[in-house]
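Listed below are the residues making up each chain.
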Amino acid sequence: MKLTTKGRFAVTATLDIALNQQNGPVTLLSVSERQSISLSYLEQLFSKLRKKGVVDSIRGPGGGYKITRPYADISIKEIISAVDEQVDATQCNGRGDCHDGNQCITHNLWISVNIKVLDYLGGLTLQDAIHSHNEKQNLHKSVEFFHKKSKTGVVVPS
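Here's a quick rundown of the structure. (Residues numbered from 1 in each chain as written. Predicted model: local features only at pLDDT ≥ 70, side-chain atom pairs only at ≥ 80, totals over all residues. Heavy atoms only, no water.)

The next subject is the packing of helix α2 (residues 28–35) against helix α3 (residues 39–51). Viewed as axis vectors pointing N to C, α2 and α3 meet at an angle of 120°, and their least axial separation amounts to 9 Å. Taken together, the axes of α2 and α3 lie oblique to each other. Regarding α2 and α3, the two cross each other, and that crossing is right-handed. Facing Leu28, Leu29, Val31 and Ser32 of α2, the residues of α3 in contact are Leu39, Leu42, Glu43 and Phe46. Split into classes, the residues belonging to the contact of α2 with α3 amount to six nonpolar, one polar and one charged. (Axes fitted to C-alpha atoms, helices over the stretch in contact; angles between N-to-C directions. Helix = DSSP H or I, 4+ residues; strand = E, 2+ residues; numbered from the N terminus. Parallel < 35°, antiparallel > 145°, perpendicular 65-115°, else oblique. Left-handed = near helix turned anticlockwise from the far one by under 90°. Contact = heavy atoms within 4.5 Å. Nonpolar A, V, L, I, M, F, W, Y, C, P; charged D, E, K, R; others polar.)

Enumeration according to the criterion identifies four salt bridges in this entry. In this structure, Asp16 engages Arg34 in a salt bridge whose closest nitrogen and oxygen atoms are separated by 2.6 Å. In this pair, Asp16 is assigned in helix α1 (residues 5–20) and Arg34 in helix α2, connecting sequence segments 18 residues apart. The exposure class assigned to Arg34 is partly exposed, which follows from its relative accessible area of 41%. With its nearest N and O atoms 3.3 Å apart, the salt bridge here joins Arg95 to Asp97. A residue is classified by how much of its surface remains accessible, and Arg95, at 55% relative accessible area, is exposed. (Salt bridge = Lys/Arg side-chain N within 4 Å of Asp/Glu carboxyl O. Buried < 20%, exposed > 50% of the residue type's maximum accessible area, 1.4 Å probe, protein only.)

Bringing the nonpolar core into the picture now. Considering soluble globular proteins, one finds that nonpolar side chains tend to be buried as a cluster. If you look at the biggest cluster of nonpolar residues, it comprises 29 residues, and the most contacted ones within it are Phe46, Leu49, Ile79 and Leu126. Of all elements in the fold, only α1, α2, α3, β2 (64–67), α4 (76–82) and α6 (126–151) reach the threshold of two or more residues within this core. Ranked by the residues each element gives to this core, the list is headed by α1, at six residues. Excluding residues that lie within four positions of it along the chain, Ile79 makes contacts with Ala10, Val11, Thr14, Leu49, Val54, Ile74 and Leu126. (Core = buried A, V, L, I, M, F, W, Y, C linked by side-chain atoms within 4.5 Å.)

Structure (structure tokens):
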């Protein structure tokens, strides 16, 4: 399955904006620092995301980026597609010339995988990603809480 850093970084950075825009637009510099993604790479990605209507840019002091629509209306597939990323399990990029100029015997299987993955990513939204992130954060906080309590001598039921 080919999903390069371009698609992964676009989703990661868009999710970061969504998680941090409650106090206003989010700068790409802050996303770069939090996610360890090159600022110049983010600028390229966000230019495409802006053109496709996923994010909007706000200029001037206090400027940055914000998500343009409700999170539930933005699919992960849309984010990946906005940066010209292709999700493809075939060796031939879907052309059907992967075996000496002809289709390999598993070509239709990999096309079927492509369809399933794209359907899945199309049904997964930015809201779903936020929910998943928040659940993980809450679980992490609960584990830390119980570790602290057990170190203070409070008996934790097993």
